[in-house]
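# An overview of the molecular structure
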Amino acid sequence: MDNYEIRKIKDRLMQILVCLALLVALIPLFSILWEVILKGAPSINLNFLTQPTPTVGEVGGGAANAIQGTLIAVGLASLIGVPLGIVSGIFLSEYSEAKLSLAVRFFNDVLNGFPSIVIGIFGYTLIVLSIGFSVIAAAFALAIIMIPIVTRTTEEVLKLVPATVREAAIALGIPRWRTIISVVLSGARKGIATGILLSLARIAGESAPVLVTMGYWRWWFAGLDMPVANLALNVYIFAISPFESWRALAWGSSLVLILLILGANVIVRAFTKEKY
Amino acid sequence: MFKKPLTSDNVFKLLTAAFASSIFIILGLMLYELVKGSQLSIQRFGIEFLVGTKWDPAISQIFGALPLILGTVVTSAIALLIGVPISLGIGLALSEYTPRRLGFAISFLVELLAAVPSVIYGLWGIFTLIPFLRNNVYPYLQATLGFIPLFSGPIYGGGVLTGGIILAIMIIPTVSAVSRDVFSAVPDTQREAMISLGATKWETAKTVVSYARSGVIGAIILGLGRAVGETMAITMVIGNKFQVLPYSLFDAWYTMAAIIANEFTEATYDLYVSALIEVGLVLFFVALIINVLARVIVWRSLRLVRGVARE
Amino acid sequence: MVTSLYKFETENLNAWFGSKQVLRNINMKIREKAVTAVIGPSGCGKTTFIRCLNRMHEIVPNAKVSGRVLFNGIDIYNEDIDSVRIRRKMGMVFQKPNPFPMMSIYDNVAAGLKLNGVGDKQKLDSVVERSLKLAILWDEVKDDLNKSGASLSGGQQQRLCMARALAVEPEVMLMDEPCSALDPMATAKIETLIRMLAEDYTVVIVTHNMQQAARVSDFTAFLYLGELVEYGHTKDIFENPKNELTAKYITGEFG
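Predicted model only: the values in this text are computed from it and were never measured. (Residues numbered from 1 in each chain as written. Chains lettered and ligands numbered in written order. Predicted model: local features only at pLDDT ≥ 70, side-chain atom pairs only at ≥ 80, totals over all residues.)

## Quick look at the overall build of chain C
The test is simple: Numbering of helices and strands runs from the N terminus, with a helix taken as a DSSP run of H or I at least four residues long and a strand as a DSSP run of E at least two residues long. Each radius of gyration reported is based on C-alpha atoms, and the globular scaling rule is 2.2 Å times the count of residues to the power 0.38. A pair of residues counts as a contact when their C-beta atoms, built from backbone coordinates, are within 7 Å of each other.
Across its full length, chain C carries 10 helices and 10 strands. Taken against the 2.2 N^0.38 rule, which gives 18 Å for 255 residues, the C-alpha radius of gyration of chain C at 18 Å falls within 12% of a compact globule. The C-alpha extent of chain C, read off along each of the three principal axes, is 55 × 45 × 35 Å. Put simply, 69% of the contacts in chain C that link residues at least 6 apart link residues at least 24 apart.

## Here we look at the overall build of chain B
Selection rule: Counting other C-beta atoms within 10 Å of a residue's C-beta gives its exposure: the residue is buried at 20 or more, exposed at 12 or fewer, and partly exposed in between, where C-beta atoms are placed from the backbone.
The helix and strand inventory of chain B stands at 13 helices and two strands. Along the longest, intermediate and shortest principal axes, the C-alpha atoms of chain B span 70 × 70 × 30 Å. In chain B, which comprises 311 residues, the proportion classed as buried is 53%. Excluding contacts between residues fewer than 6 apart, the proportion of contacts in chain B whose partners are at least 24 apart in sequence is 76%.

## A short note on the environment of N54(C)
Looking at the element boundaries, N54(C) is found in the loop between helix 1 (46–53) and strand 4 (63–71). Separated by 71 residues in sequence, N54(C) and D125(C) have C-alpha atoms that sit 28 Å apart. With residues near it in sequence (within four places) discarded, N54(C) still touches S196(B), I86(C), R87(C), M90(C), M92(C) and L174(C).

## Let's talk about the sheet that holds strand 10 (residues 227–233) of chain C
Residue and element names in this part refer to chain C. In plain terms, the rule: Pairing between two strands requires that DSSP report at least two bridges joining them. Axis geometry follows a simple rule: fit a line to the C-alpha atoms, using only the stretch in contact for helices, then measure angles between N-to-C directions, giving values from 0 to 180 degrees.
As summarised here, the arrangement of the six strands in space is 6-7-8-3-9-10, forming an open sheet in which the pairing is mixed. What marks the edges here is a single partner per strand, and that holds for strand 6 (90–93) and strand 10. Across the sheet, the mean angle from the axis of one strand to that of its neighbour is 15°, orientation sign disregarded. In terms of strand pairing, strand 6 meets strand 7 (residues 172–176) through four bridges, oriented parallel. Paired with M92 across the bridge in strand 7 is L174. Packing against the sheet, helix 1 makes contact with strand 3 (35–39), strand 6, strand 7, strand 8 (202–206) and strand 9 (219–224), and its axis sits at approximately 150° to strand 8.

## Let's talk about the interface of chain B and chain A
This is how it is decided: For this classification, Asp, Glu, Lys and Arg are treated as charged, while Ala, Val, Leu, Ile, Met, Phe, Trp, Tyr, Cys and Pro are nonpolar and the rest, including Gly, are polar.
Counting residues at the interface gives 68 residues for chain B and 69 residues for chain A. Among the residues forming the side of chain B that touches chain A, the class breakdown is 45 nonpolar, 16 polar and seven charged.

## Concerning the domain arrangement of chain C
Residues and elements named next belong to chain C. Defined as follows: Note that the domain bounds were set by an automatic or database domain assignment.
Domain annotation for chain C reports domain 1 (1–89 + 171–255) and domain 2 (100–169). Taking only C-alpha atoms, the centre of domain 1 and the centre of domain 2 are 26 Å apart. No other element matches the four residues that helix 7 (residues 184–197) contributes to the side of domain 1 that touches domain 2. Counted by class, the side of domain 1 that touches domain 2 contains seven nonpolar, no polar and three charged residues.

## Comments concerning helix 5 (residues 116–131) of chain A
Residue and element names in this part refer to chain A. Operational definition: By this rule the span expected of a helix is its residue count minus one, scaled by 1.5 Å. Across the chain, bend at a residue is computed as the angle between axes fitted to the seven residues ending at that point and the seven starting from it.
End to end, helix 5 covers 21 Å across 16 residues, agreeing with the expected 22 Å (1.5 Å per residue, within 8%). Y124 marks the point of greatest bend in helix 5, at about 40°. A large share of helix 5 lies buried, amounting to 13 of its 16 residues. Of the residues one or two after helix 5, G132 is the one with positive phi, at around 100°.

## Structural notes on unusual backbone geometry
Residue and element names in this part refer to chain C. Residues other than glycine seldom take positive phi values, yet N25 does so here, at roughly 45°. As for its placement among the helices and strands, N25 is situated in strand 2 (residues 20–31). Residue N25 is classed as partly exposed on the basis of its C-beta count, with 14 C-beta atoms lying within 10 Å. The phi dihedral of N72 is positive, around 55°, even though this residue is not glycine.

## Quick look at the nonpolar core
To be explicit about the condition: Core membership is restricted to buried Ala, Val, Leu, Ile, Met, Phe, Trp, Tyr and Cys residues, and these are joined into a nonpolar core through C-beta atoms within 7 Å.
Core analysis: the biggest nonpolar cluster contains 184 residues, and A137(A), L142(A), V235(A), I120(B), I166(B) and V279(B) have the highest contact counts within it. Built from parts of two domains, this core gets at least three residues from each of domain 1 (4–43) and domain 2 (46–275) of chain A. Once you skip the residues sitting within four places of it in the chain, L142(A) turns out to touch A73(A), V74(A), A77(A), I203(A), E206(A) and P209(A). In this structure, A199(B), L113(C), C161(C) and L193(C) belong to the second largest nonpolar core, which totals 81 residues.

## Looking at helix 1 of chain C
A large share of helix 1 of chain C lies buried, amounting to eight of its eight residues. Among the residues of helix 1 of chain C, K46(C), T47(C), T48(C), F49(C), I50(C), R51(C), C52(C) and L53(C) are the ones counted as buried.

## Remarks on the pairing of strand 2 of chain C
Residue and element names in this part refer to chain C. The sheet contact formed by strand 1 (residues 6–17) and strand 2 spans eight bridges and is antiparallel. Of the residues in strand 2, the one forming a bridge with F8 is I30. Between strand 1 and strand 2, which pair antiparallel and follow one another directly, the connecting turn spans two residues, one of which, G18, has a positive phi of 65°.

## Describing the sheet that holds strand 1 of chain C
All names here are of chain C. In spatial order, the strands read 2-1-4-5; together these four strands make up an open sheet with antiparallel pairing. The open sheet has two edge strands, strand 2 and strand 5 (74–75), and neither has a second partner. For strand 4 and strand 5, the ladder comprises two bridges, and the chain directions are antiparallel. Residue pairing in the sheet places F71 in a bridge with I74 of strand 5.

## What to know about the packing of helix 3 (residues 64–94) of chain A against helix 6 (residues 135–160) of chain A
Each pair of packed helices gets described by two things: the angle between the helix axes and the distance between those axes. Residues and elements named next belong to chain A. To keep it simple, the criterion reads: Each crossing is labelled by how the near helix is turned from the far one, with a counterclockwise turn of less than a right angle marking it left-handed and a clockwise turn marking it right-handed.
In the contact formed by helix 3 and helix 6, the axes pass within 6 Å of each other and the chain directions differ by 35°. Remark: the crossing between helix 3 and helix 6 carries right-handed chirality. Of the residues assigned to the contact of helix 3 with helix 6, the class counts are 21 nonpolar, eight polar and two charged.

## Some details on the packing of helix 5 of chain A against helix 2 (residues 22–45) of chain B
What counts here: In this scheme, roughly parallel covers angles under 35 degrees and roughly antiparallel covers those over 145, while 65 to 115 is roughly perpendicular and the rest are oblique.
One way to put it is that helix 5 of chain A packs onto helix 2 of chain B with a least axis distance of 9 Å and a crossing angle of 70°. Between helix 5 of chain A and helix 2 of chain B, the interaxial angle falls into the category roughly perpendicular. Contact residues: I121(A), F122(A), T125(A) and L126(A) in helix 5 of chain A; M30(B), E33(B), L34(B), K36(B) and G37(B) in helix 2 of chain B. Classifying every residue of the contact of helix 5 of chain A with helix 2 of chain B by side-chain character gives five nonpolar, two polar and two charged.

Here's what the structure looks like:
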């Protein structure tokens, strides 16, 4: 067994490399969290949470309008995204083998990985060209991003509801559609909620589609046909600006975003772990 | 007994099917709108757009996207070169080398990486990654490899390589998660066969990768899809310089997604907007092809792996 | 065929899955160059036992082993012994044939050799041929060595797995219910194979098929609820069992 020692060394080496890979991936994560917390925390004060964005050169100000705007945009998006996503998910799980299902599932997956800026352009041509840069256009683009996520999680969660539940209901003479709405959906309530939460977290962080459908806005909400301020977009605008105070706002806004998004992810994880 | 054609169940099926079919409308309409919006530019430049190397909105109003395409390709390639080995390592670590509980925790952390918004990557890129690379990494790189033109020239911190690095970090969650899934789906009987032959852990792991290799390819293509479409993070670190070729990896450059983000709101006249939309159209096709390919391969491989296992 | 050397000697072998004890104080001496069958009802621990012989039991999370297993006189569970090295000396065939589908028939058989660094094409060719002949598979596949390992029938796949195990010239062949997934004809071929192997190898075979044990083995061990109830020459066990439990199992009263 001449090569045995070499094999052993290779084995040990690869074990180290593989674990190193884990470390290499986790370092950026911790670095980002660290920096955002370190540099963002000082910015979070009462002003930050209550004042709108300052004008050029003005010191102080906050992200209150951006928080408001983000909530509005995300809320509007979910008005379209959530119903469409859930009903699509229901179709995919209840009629899973149908040819239409295979096609829908396939293209939903395709849309899932799509560049959000292209979706933003879609919102631009469809809505901005008629109504102008507006929160409606942004919400439209965000809704499109939401739909595949909600669809997929709804489908997966519904599929987890055991067949026995459905069978029992049908045996009782309840029509299939009622079974699905009353019995199956309520059983999957939690899972669907977490899916929605995940998708909300995702679109709250989107800035590319917001950029091309709304652009920068520094005031409060001014109507559905007008833009609103957006937390994620502000991070971009402020980060590349030459003003120190604006850059501080960028970090502060990032901290708020990260807390919201990561918080949502942690909640979702806590829920899904329960299932196992 | 006849079957009534319009039962409540049938209506339900129809309704839900209609909702589900909205995906086709969305994608179809998107394509239509992109083509419509690009009309001006397509009519003016034709195929020249794809090979044109001049982007001059101010004076001659000529637009050509080749450098953007090149920039996208190169940064994505770098992202894959760096990100894929790390991702495969993570996938293997999670499926072969770590005990279950620890694996859950680590998978969770890696998924958190995916949840960080692109702008925050960009922000971190500008103020943390770039200074770090500029001060601690690039000088050494240039000192050792500077004789290769790729590593020559002034270092300002951002640019092509930095763009590739940040993209690599961003694709790791996707590629590693899919890899982990395909590796875990490989039946234990395969591992046992290797172990009983007296294989080391690494040799067994290699067999697992080999068994799942089509899934790995799918994962890589998925990662490529993410890299190609990435916008904010890359536009914040790559320098946004339109040129046919950069002088080296340390020079600034541009990608398709970055130029749209950077110039869309500044596009003051129709042809300019149309040109940017056409860039978006190209991106649409690139993303479509990549994502379709990836899904087909991943689907097929997961079915294959699970199918063999089921027998 | 009767020698005084024992290939394996287990001393107070105990095994657990987590907190569940699967083997209790197994003391058994397995003769070399003979076929030893391990029989017993489902859950009696026979698969666990055989997997303790090549240290495969411990690769499952939460698995534990205590006691000694002497192989050629050396305790394989000694801290200084490398499990990888030990497994190299034993070949194992599993309940469900598990050829490597992404490798050709040739590469399947050569897999173990390549692990050990054998690269010489001629050497590989000759060992592959020898192993496939030994496994009574050569004539059926010799023209199609490049086909995928998974393209064969179930019985052929199992013989391929045997060829793969035999290629590295182990001293022992461990077989965990090798015929349970196969049809009678394929089973017959494998049983013939096992009898042939006994001339040069020590074979331990787990089987739930008593007739098979009677046909194929020289010695039989009867396990029940993790304990070794009776062990001896196959003839004696089947015709004259000393233990009442054994008799009951043999006659089919339970299990």
